[in-house]
Structures are given as C-alpha cells and as structure tokens.
Amino acid sequence: MGTFREEFVELSGAKVQLIRGGKGSPLLLLHGAGGNPGWLQFHDMLAKHYEIYLPTHPGFGRSTRPDWLDTMSDMVDFYLDFLDRGDLQRVPVIGFSMGGWLAAELTATCPERVPKLALVDAVGLKVEGADIADIFLLTPQELTPLVFYDVNQVAERDKLFPVKPTPEEVELRDNSQIMAQLLGWKPYMHNPKLTHRLRRVKSPTLVVWGKQDRLVPLAHGEAYCNAIRGAELKVIDRCGHAPQLERPAEFVALIEEFLARP
C-alpha cells in the first residue's frame, strides 16, 4: 500500500476524519452509506497520479455531526465549507452510491467548483419500476448478494467485512447506518427535485455502473445520463454495486481516462 495520512479537521461545528495520500492534482472521493472504507487498493492506484482526499462525512464513522446538519442539502453546505477550507477552488469529484447523490447535489449547487464529475452506482433519483433495495431492513448477509456480483472478486473482503468485527468496528458501522437513515429514509434514497436540478450540471460527467447491480439498478445510471447533458455511461460487466471493489483495475482505468481528457 502507498503512503497516506489521517487527520481530523474541525469545521462548521463538525470534527471530520480526513484521509489523504498520493501525488498530483487534488481529487475528492465521497463515500456511500456504509461509511468510509479506509484506504484501499483502488485508492492506491488513483494515488499514482492524484492527491486523494477521502473524508468521512459528518455523522458517519469517526466524524461528528453538528446539530444543524441533518439533510442532504446541509451536507452540500458542509462540503462547500470543506472545499473553501482546503483551498480547493475547483476539484474533480467521484461519488459512490449515496456519495454519488451528494456529488450530484454539490455539482448542481455550485457547478463552477467541480470541473469533472464521476457518479458510481449512485442513488439520488426515483426511477419507476427500478426500486432501490431497502438497505435499512436487510441484514449484512442479505445485502451481500445484492451488492456484489461475486464477493470472491473483492480482494479486500476480509478487511471490509470482518467475520468477527471488533466492538469499535460495530460502533462505527452503526454510526454510519444511523446517519444514512437521517439523510435518506424519507423519501427513500432520493430527492424528487434532483432530476430537475441536474440541468445545472455543466461539468463533463462520467456515470459508471456495475451491470449486475441489484441494489441500485442500471436504470438509475441511465436516468442520470438522461438528466445531465452530455453525460457518458460506462457499464462494467460481471460486477455489482461497487466496481471500485469488484473490478478495481477496470474501474480505475475508466476514471483515469476520463480525468485525463482535456
């Protein structure tokens, strides 16, 4: 694994965990409802050409939530403060699952701050006939076949899904679950207005989807492409909800090609 460092940043009433590593221009990664997975193989690959910013959202994992923050639009406000604090005037953003919803809202709010946007199996939209599975009602055992095409493809599965998690790991996972419910329970995992707000996204946008995603069906990727002018959809076969975990080399190749375009 490459070198990365972890720090805590106090900002807007929150104390957030921030993992940083790599060399090059900055790249902001926004994690999903399960919380910050920590530094993984795909981060190492991206860090060869980019300085990776991997924050844990307020309320998730080890990051505290200020009283004022309890909606997705509040989270967007927090991340605008985060960009200002990090002197990140313009930074490409990759959002995964619920972090994709956040990335889309952030870019629609301040399109001039996000020169390139990548959405990876993102929630955020309501698509008729293609419901998002209810992650809050399912056990981890029930979730696994929905999230992964083949969990044995995930090289880091033991680190990500320990058979016997420590009390701290359980607590961090519970924190993330509670915060995800606060943001995405009603309406479930979407903003009815987002499909209209996406007209404001002017950035080149790449939408990446696992073809066999049974958590957030591919129709959601198509809906994002229809709502964002010029967005491009790349589908990875033999892959579920987390291409960055199941197909890291393929995923990173798509991202790097997209980010390298002039």
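Let me sum up the structure you'll find in this document. Since we're looking at a predicted model, the values are computed, not measured.

Criteria and thresholds
- Residues numbered from 1 in each chain as written.
- Predicted model: local features only at pLDDT ≥ 70, side-chain atom pairs only at ≥ 80, totals over all residues.
- Heavy atoms only, no water.
- Helix = DSSP H or I, 4+ residues; strand = E, 2+ residues; numbered from the N terminus.
- Salt bridge = Lys/Arg side-chain N within 4 Å of Asp/Glu carboxyl O.
- Buried < 20%, exposed > 50% of the residue type's maximum accessible area, 1.4 Å probe, protein only.
- Phe/Tyr/Trp six-rings, centres within 6.5 Å; stacked < 30°, edge-to-face > 60°.
- Expected span 1.5 Å × (residues − 1).
- Arc of directions from axis to C-beta.
- Core = buried A, V, L, I, M, F, W, Y, C linked by side-chain atoms within 4.5 Å.
- Contact = heavy atoms within 4.5 Å.

This paragraph deals with unusual backbone geometry. The linkage connecting Lys-186 with the following residue, Pro-187, adopts the cis geometry, with an omega of -10°. Mapped onto the elements of the fold, Pro-187 is located in the loop between α6 (167-184) and α7 (194-197). Within the chain, Ser-97 stands out as a residue other than glycine whose phi angle is a positive 55°. With respect to the helices, strands and loops of the structure, Ser-97 is situated in the loop between β5 (93-96) and α3 (98-109). Within the chain, Met-189 stands out as a residue other than glycine whose phi angle is a positive 55°.

Moving on to the pattern of salt bridges. The full count for this structure, using the stated rule, is 9 salt bridges. Among the ionic pairs, Glu-232 bridges to Arg-261, the shortest N-O distance being 2.9 Å. Separated by 29 residues along the polypeptide, Glu-232 in strand β8 (residues 232-236) and Arg-261 in the segment after α10 (248-260) bring together distant segments of the chain. For Arg-261, a relative accessible area of 30% corresponds to the partly exposed category. Salt bridges sharing partners connect three or more residues here, namely Glu-232, Lys-234, Glu-257 and Arg-261.

Turning next to the packing of aromatic side chains. Here the structure, examined in full by the defined rule, presents 9 aromatic pairs. Between Phe-96 and Phe-251 the ring centres are 5.9 Å apart and the planes differ by 50°, which places this aromatic pair in the tilted class. Note that Phe-96 is positioned in strand β5 and Phe-251 in helix α10, a separation of 155 residues in sequence. Exposure remark for Phe-96: the relative accessible area of 7% places this residue in the buried category. The class for Phe-251 is buried, based on a relative accessible area of 0%. Ring plane angle 75° and centroid distance 5.5 Å describe the contact between Phe-148 and Phe-161, whose orientation is recorded as edge-to-face.

Given a rise of 1.5 Å per residue, 13 residues ought to cover 18 Å, and the 18 Å separating the end C-alpha atoms of α10 matches this to within 8%. Those residues of α10 that fall on the buried side of the exposure criterion are Pro-248, Phe-251, Val-252, Ile-255, Phe-258 and Leu-259. The arc enclosing the buried residues of α10, seen along the axis, measures out at 130°, which places them on a common side.

We now examine the nonpolar core. In this structure, Phe-82, Ile-94, Met-98, Met-189, Tyr-224 and Phe-251 are the most contacted members of the largest nonpolar core, which totals 90 residues. Per-element tally for this core: the top contributor is helix α2 (residues 72-85), with 8 residues. Those residues in contact with Phe-82 that lie beyond four places of it in its chain are Leu-11, Leu-18, Leu-28, Tyr-53, Pro-55 and Leu-88.

Worth remembering: the numbers are spatial, not functional.
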